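Descriptive structure summary
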Amino acid sequence: MITLQTEIEGKRAYFGAVRDIFYSMGCSFCSNFDYDQGKFDALLYRDGGESIYLRVPIYVLDGALDHTNALIEFGTPFVIKHVVNIGLDHDENSFVTATSGLEQFQTPLDTDGYIYDKSRWEKAGNEAIQQVFSSINGLLVS
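All told, the structure shown has 5 salt bridges when counted by the stated rule. Residue Asp20 pairs with Arg19 through a salt bridge whose shortest N-O separation is 3.5 Å. According to the relative accessible area criterion, Asp20 is partly exposed, its value standing at 45%. The partner of Asp41 in a salt bridge is Arg55, with the nearest N and O atoms 2.7 Å apart. Note that Asp41 is positioned in strand β4 (residues 37-47) and Arg55 in strand β5 (residues 50-62), a separation of 14 residues in sequence. Asp41 gets classed as buried once you look at its relative accessible area, which sits at 8%.

Before going further, it helps to examine the confidence of the model for the protein. Here the protein averages 84 in pLDDT, while 80% of its residues score no lower than 70. This stretch, residues 94-105, has a pLDDT under 50; its non-local contacts, to residues over four places away or in other chains, come to 4 contacts.

The next thing to look at is unusual backbone geometry. With a phi angle near 55°, Asp117 is a residue other than glycine that sits in the positive phi range. Along the polypeptide, Asp117 turns up in the loop between α2 (94-100) and α3 (118-136). According to the relative accessible area criterion, Asp117 is partly exposed, its value standing at 44%.

Below, the discussion takes up the nonpolar core. Counting 28 residues, the largest nonpolar core has Phe15, Phe22, Ile58, Ile72 and Phe74 as its most contacted members. Of all the secondary-structure elements, those providing two or more residues to this core are α1 (15-24), β4, β5, β6 (71-74) and α3. The element best represented in this core is α3, accounting for 6 residues. Look past the residues within four positions of Phe22 in its chain and what remains in contact with it is Cys27, Phe40, Val56, Phe74 and Val132.

The next thing to look at is α1. For α1, the set of buried residues is Phe15, Gly16, Val18, Arg19 and Phe22. Within α1, the buried residues cover an arc of 165° as seen down the axis, which keeps them to one side. Contact partners of the buried residues in α1: β2 (12-14), β3 (28-29), β4, β5, β6 and α3.

What counts, and at which threshold
Residues numbered from 1 in each chain as written. Predicted model: local features only at pLDDT ≥ 70, side-chain atom pairs only at ≥ 80, totals over all residues. Heavy atoms only, no water. Salt bridge = Lys/Arg side-chain N within 4 Å of Asp/Glu carboxyl O. Buried < 20%, exposed > 50% of the residue type's maximum accessible area, 1.4 Å probe, protein only. Helix = DSSP H or I, 4+ residues; strand = E, 2+ residues; numbered from the N terminus. pLDDT = per-residue confidence, 0-100. Contact = heavy atoms within 4.5 Å. Core = buried A, V, L, I, M, F, W, Y, C linked by side-chain atoms within 4.5 Å. Arc of directions from axis to C-beta.

Rendered as structure tokens:
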């Protein structure tokens, strides 16, 4: 994980407005969220089972995250690498899982993989967050 020091940290805005901007820039809102916090992800790189993301955490100050008028504050963005197994699952439970449908996905090989060439991904993350910040700057509240 690479922590980024950017000017978006600590800034406040309304969830619905910034969500639309993030979406328009190809970012996604993580479906695994709480009503008081969540994350936006931007895919920076994918090759096979290896993906590198820019992740921007948000925290709700007023309201609930499933409402467009929730007031949010941005946390510290970071770059993270996620490695998944794209091959067949050959463990002892594979047949049972496949026939019963109890587990749809394999366990990731590495949910926080080591990032090689950190300066490259730090630069890519900073450039992406600067582009987002420029787009939402007019939507920020005091």
